[in-house]
2 protein chains.
Amino acid sequence: MGIDGRKLKILQAIIHNYITNAEPVGSRTISKKYDLGVSPATIRNEMSDLEELGFLVQPHTSAGRVPSDRAYRLYVDSLVNKKRIKLVQKRQIKTSLVDGINELEELIQNSAKVLSKLTNYTSLAIAPQLIESRLKHIQLVPIDETKLLMVLVTNSGIVKNTVFNIEKEISNSQLNLISNFLTKKLKGHRIDELGIELKKNLTKEIFELRDVIKDVMPMINKSIDDLEEIDLYSDGVTNIFNFPEYNDITKAKSFLSFLENKENVIDMLLRNKNQDIEITIGKENCYEEIKNCSLITATYRFNGKTIGKVGVIGPTRMAYAKVIPVVKSIAVNLNDILEKHFEL
Amino acid sequence: MGIDGRKLKILQAIIHNYITNAEPVGSRTISKKYDLGVSPATIRNEMSDLEELGFLVQPHTSAGRVPSDRAYRLYVDSLVNKKRIKLVQKRQIKTSLVDGINELEELIQNSAKVLSKLTNYTSLAIAPQLIESRLKHIQLVPIDETKLLMVLVTNSGIVKNTVFNIEKEISNSQLNLISNFLTKKLKGHRIDELGIELKKNLTKEIFELRDVIKDVMPMINKSIDDLEEIDLYSDGVTNIFNFPEYNDITKAKSFLSFLENKENVIDMLLRNKNQDIEITIGKENCYEEIKNCSLITATYRFNGKTIGKVGVIGPTRMAYAKVIPVVKSIAVNLNDILEKHFEL
DNA sequence: TATTAGCACTCTTTAGTATTGAGTGCTAAT
DNA sequence: ATTAGCACTCAATACTAAAGAGTGCTAATA
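Bear in mind that the values here come from a model prediction, so they are computed numbers and not experimental data. (Residues numbered from 1 in each chain as written. Chains lettered and ligands numbered in written order. Predicted model: local features only at pLDDT ≥ 70, side-chain atom pairs only at ≥ 80, totals over all residues. Heavy atoms only, no water.)

## What to know about the protein's contact with DNA strand C
This is how it is decided: One heavy atom within 4 Å of a molecule or strand makes the whole residue count as near it. Each polar contact in these results corresponds to two N or O atoms within 3.5 Å; when the atoms are within protein, one needs to be able to donate a hydrogen and the other to accept it, and residues that are neighboring in sequence are counted only if both atoms are side-chain atoms. Counting from the N terminus, the helices are DSSP H or I runs at least four residues long and the strands are E runs at least two residues long. For this classification, the nonpolar set comprises Ala, Val, Leu, Ile, Met, Phe, Trp, Tyr, Cys and Pro, the charged set comprises Asp, Glu, Lys and Arg, and every other residue, Gly included, is treated as polar.
Around DNA strand C, the structure places 20 residues, and the nearest of them are Arg 6, Thr 42 and Thr 61 of chain A together with Ser 27 and Arg 65 of chain B. Arg 6 of chain A places a side-chain nitrogen or oxygen 2.7 Å from a phosphate oxygen of DNA strand C. Here Arg 65 of chain B contributes a side-chain N or O atom positioned 2.8 Å from a phosphate oxygen of DNA strand C. Of all the secondary structure elements, the ones that give two or more residues to the surface near DNA strand C are α3 (40–52) of chain A together with α3 (40–52) of chain B. Along the lines of polarity and charge, the residues of the surface near DNA strand C split into 4 nonpolar, 12 polar and 4 charged.

Structure (structure tokens):
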């Protein structure tokens, strides 16, 4: 028993109906609302088949049927490359993303905001990771007698501060000298190789500077460790309450607690790195707390390299057809903006 | 009819019982559990009086009684200066606050974490506002041909970055010159007066620098505006689900939505600036969404000036006696840490 | 052979009713 | 002034009946 055209149409109708109404769908409803030209009885037979094939689930004998994760998967796969975004939304995204935004982190945070506004789901975004990007400028700034601020600027326009302690005060002019020296030597190198590079260069340098740099070096290494910390933004977290499947307080709590745990969320977002857009449905998710959720993520890139993710999370009964193009569009726009504004 | 010693004792017993059990308290319960040496009937009479006086409320005729906001107020006022913190907790706070913390913002964020961990309520903290602090160092760092990073370091050790656009490229050495010039001229001035100060000084300076500084000036002003944005941290947001009063999904949603609105939360925290510790009970709160919540906040200071707030929010039925000393202690420790580590 | 009308059957949902029990307020006795 | 006793109130709980949505099967139909 395969899944012929009619079965597919019925399945799609059921999915559509369930996504909009959140209630099990019966044969009569399909027959009346969707013009398939067959009687409820026929649809019933087909539905029975679809259940046997694993695409539908019955909450109980006398209820209608509900799409399974597998049904959503089929539905989504048939959808991914088709849907285009509404022109209005497209324009809206383009203008609202950069509206009043100057810094990269703000841009990402704002992306999350726009995403949740447009979709009415909870949105997530991780800020550019700079581990793969290259150093552009390094500057040491005095804070007080025992504290130094190191500012790193990367080629992707990301700025990172690290404060660290020093043993003896270093004069302003000396700091500038060191800054210039470090910038000259380390510019263009990958952030995660700065430590090695620094060691390599150090041996050849004049004593005067060498002494001071020796003090600073372990700090630079520590600072680089700090860089690996990933910033996570979310928005529209309370949107989850809009969905009847989360009227159950324990479910809502479980979902929100999961989101509160930054590490898990980041891990979830980074699990697959390669696809432009990825959709994880229900049990496909690795974390128990969100096995009744779907996740739609897109990657944004810079110079062809993945540097971050944006996405939307909500019940498996998600408005995929509406959300997918929005997420896609946000990512595309982010790529454009990064290209234009953050490297010339 | 006043509120004599016995009435007070009964009221306290009721409050205590209600705080721990979250259920209306009856006369029999008080008579049995609290050794007041009187019969339930007597207690009933007293309770009736206490209700008339506005300290108790009856959900319905055949239920026990529940403390009113006014009762909590009385209770809290009698409490504030008495309760001492447990030694264990005190030590715990002291060590855990600075554990692995280098930057000021981390410190505040961590304070929120410790606070929610110790109290099991939702904690809030606002990071030091630097509007009142004074400039220590200013440094311009190149990002690319059209972008400049301005780093401000204040006397309270706060670092603030602002990225802005420039029209024509400025050389590295020129940037250092400008940075030095700006630092020299503006050091020690209040952050919110930098703009005026800059204007004053500018007229007297040599032409060469003046030209470039003119370009930079509007940016500095803009950057200063940015400084006024207040960072808010929260932790243990989902703790609210631990309280039966938030089993109602609409109440939980209302609470969480309120917390999602950063501006309102900040406004709430900043409403009273002067007290060391402040407790706002139920309807005393200005925002509708939290009129059944209590808020306990403390101020932390630096050089005698209020620079931030930490606090806890939860149902009016809050474990005041437990929470107040913890909040207090966190603030005291913050003061100490700031004193020690961020200015010598 | 595929479709469909008809109908019995299942199981949740809703409404209605009775019962229970916690707690009060009043009265009369101490 | 205190308290035992008791009638009364009202939410919470349990139980029952009825309604309704939807299915699956059978037999009739095109």
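## Comments concerning the protein's contact with DNA strand D
Taken together, 20 residues lie around DNA strand D, and Ser 27 and Arg 65 of chain A together with Thr 42, Thr 61 and Ser 62 of chain B are the ones closest in. Considering the 4 Å shell around the protein, atoms of DNA strand D inside it are sugar or phosphate in 71% of instances. Side-chain polar atom of Thr 42 of chain B to a phosphate oxygen of DNA strand D: 2.4 Å apart, as the coordinates give it. Sorting the residues of the surface near DNA strand D by element identifies α3 of chain A together with α3 of chain B as the ones contributing at least two each. Sort the elements by how many residues they give to the surface near DNA strand D and α3 of chain B lands first, with 4 residues. Here the surface near DNA strand D is composed, by residue class, of 4 nonpolar, 12 polar and 4 charged.

## With respect to the interface of chain A and chain B
Put simply, the rule is: Pairs of residues are marked as contacts when any of their non-hydrogen atoms sit within 4.5 Å. Two parts lose some accessible area (1.4 Å probe) when they are put together, and adding that loss for both gives the buried area. For this analysis, a salt bridge means a side-chain nitrogen from Lys or Arg found within 4 Å of a carboxyl oxygen belonging to Asp or Glu.
Facing 42 residues of chain A, the contacting portion of chain B comprises 42 residues. Carbon and sulfur atoms supply 55% of the area buried between chain A and chain B, which totals about 3,500 Å² over both sides. Taken together, the links from chain A to chain B amount to 0 salt bridges. Where chain A touches chain B, the interface holds 8 residue pairs in polar contact (both at pLDDT 80 or more). Put simply, the parts of the chain that give the side of chain A that touches chain B at least two residues each are β4 (135–144), β5 (147–154), β6 (159–165), α7 (172–186) and α10 (249–260) of chain A.

## Observations concerning the relation of the copies chain A and chain B
Keep this limit in mind: All copies are superposed by least squares; the fitting set is the C-alpha atoms of residues with a pLDDT of at least 70 in both.
In the superposition of chain A on chain B (RMSD 0.1 Å, axial shift 0.0 Å), the rotation amounts to 180°. Those values place the two copies in the arrangement expected of a two-fold rotation axis. Closest approach to the rotation axis within chain A is made by the C-alpha atom of Ile 249 of chain A, at a distance of 3.1 Å. Same-surface contact between copies: 100% of interface residues of chain A are shared with the interface of chain B.

## What to know about the state of the cysteines
Put simply, the rule is: Working definition: a disulfide is two cysteine sulfur atoms within 2.5 Å of each other.
Counting across every chain of the model gives 0 disulfides over all chains. Not part of a disulfide, Cys 293 of chain B finds its nearest cysteine sulfur in Cys 286 of chain B, a span of 13 Å.

## Points about the sheet that holds strand β6 (residues 159–165) of chain B
Residue and element names in this part refer to chain B. Short version of the rule: At least two bridges found by DSSP between two strands are what make those strands a pair. Simply put, an axis is a line fit to the C-alpha atoms, just over the touching stretch for a helix, and the angle between two N-to-C directions goes from 0 to 180 degrees.
Strand order in this open sheet of 3 strands is β4-β5-β6, and the pairing throughout is antiparallel. Unpaired on one side and paired on the other, β4 (135–144) and β6 mark the two borders of the sheet. Ignoring which end each strand starts from, the neighbouring axes of this sheet average 20° apart. In this structure, strand β5 (residues 147–154) lies alongside β6, joined through 7 bridges in antiparallel fashion. Along β6, the bridge assignment pairs Leu 148 with Phe 164. Strand contacts of helix α7 (residues 172–186): β4 and β5, with the helix running at about 160° to β4, the strand carrying the most contacts.

## Section: the sheet that holds β6 of chain A
Residues and elements named next belong to chain A. Taken together, 3 strands build an open sheet; the order of strands is β4-β5-β6 and the sheet is antiparallel. Each of the sheet's edge strands pairs with one partner strand only, and the pair in question is β4 and β6. Across this sheet, the average inter-strand angle for adjacent strands is 20°, counted without regard to direction. The pairing of β4 with β5 spans 8 bridges and is classified as antiparallel. Bridge assignment links Leu 140 to a residue of β5, and that residue is Met 150. Each of β4 and β5 touches α7; the most contacted strand, β4, lies at about 160° to it.

## Focus: helix α5 (residues 87–98) of chain B
Residues and elements named next belong to chain B. Short version of the rule: Partly exposed residues are those whose accessible area sits between 20% and 50% of the maximum for their type, while under 20% is buried and over 50% is exposed, using a 1.4 Å probe and protein chains only. An arc is given here, and it is the one of the directions from the helix axis to the C-beta atoms.
The set of residues buried in α5 consists of Gln 89, Ile 93 and Leu 97. End-on, the buried residues of α5 take up no more than an arc of 55°, which puts them together on one face. In α5, the exposed positions that point more than 90 degrees away from the buried face belong to Leu 87, Val 88, Arg 91, Lys 94 and Thr 95. Among the residues trailing α5, Gly 100 stands out with phi positive, at a value near 70°.

## Examining the nonpolar core
The condition that has to hold: Remark: nonpolar core denotes a set of buried residues (Ala, Val, Leu, Ile, Met, Phe, Trp, Tyr, Cys) joined through side-chain atoms within 4.5 Å.
Within the largest apolar cluster, 166 residues are counted, with the highest numbers of intra-cluster contacts made by Met 268 and Tyr 320 of chain A together with Met 268 and Tyr 320 of chain B. In this structure Tyr 320 of chain A touches Ile 19, Tyr 72, Tyr 75, Val 76, Leu 79, Ile 279, Ile 281, Ser 294, Ile 296 and Pro 325 of chain A, once residues within four positions along its chain are discounted.

## Regarding a positive patch on the surface
All names here are of chain A. To keep it simple, the criterion reads: Each patch is assembled from residues with relative accessible area greater than 30% and no salt bridge, linking like charges that lie within 9 Å and nonpolar side chains (Val, Leu, Ile, Met, Phe, Trp, Tyr) that lie within 5 Å. Accessible surface area values rest on a Shrake-Rupley calculation with a 1.4 Å probe, where residue burial reflects the displayed protein chains alone. When charges are tallied, Lys and Arg are placed among the positive residues and Asp and Glu among the negative ones, while His and the ends of the chain are skipped. Where a charge lies is defined by one atom per residue type: Lys uses NZ, Arg uses CZ, Asp uses CG and Glu uses CD.
On the surface, a cluster of positive charge is made up of Arg 84, Lys 90, Lys 94 and Lys 340. Looking at the element boundaries, Arg 84 is found in the loop between α4 (69–77) and α5 (87–98). Accessibility expressed as a relative area gives 70% for Arg 84, which makes it exposed.

## With respect to the packing of aromatic side chains
All names here are of chain A. Selection rule: Only Phe, Tyr and Trp rings are paired, with Trp represented by its six-membered ring, and only when their centres lie within 6.5 Å; those with planes under 30 degrees apart are stacked, over 60 edge-to-face, the remainder tilted. Our definition puts a charge over a ring when NZ of Lys or CZ of Arg is within 6 Å of the ring centre and also within 35 degrees of the ring normal.
Scanning the entire structure with this criterion turns up 10 aromatic pairs over all chains. An angle of 45° between the planes, with centres 5.7 Å apart, marks the rings of Tyr 72 and Tyr 320 as tilted. Within this pair, whereas Tyr 72 is found in helix α4, its partner Tyr 320 is found in helix α12 (residues 320–341), the two being separated by 248 residues in sequence. Note on Tyr 72: relative accessible area 1%, which makes it buried. Among the aromatic residues, those joined into a ring-pair cluster are Tyr 72, Tyr 75 and Tyr 320. Above the face of the Phe 55 ring, Arg 70 is positioned so that its terminal group lies 4.7 Å from the ring centre.

Function cannot be inferred from these measures alone, as they are strictly geometric.
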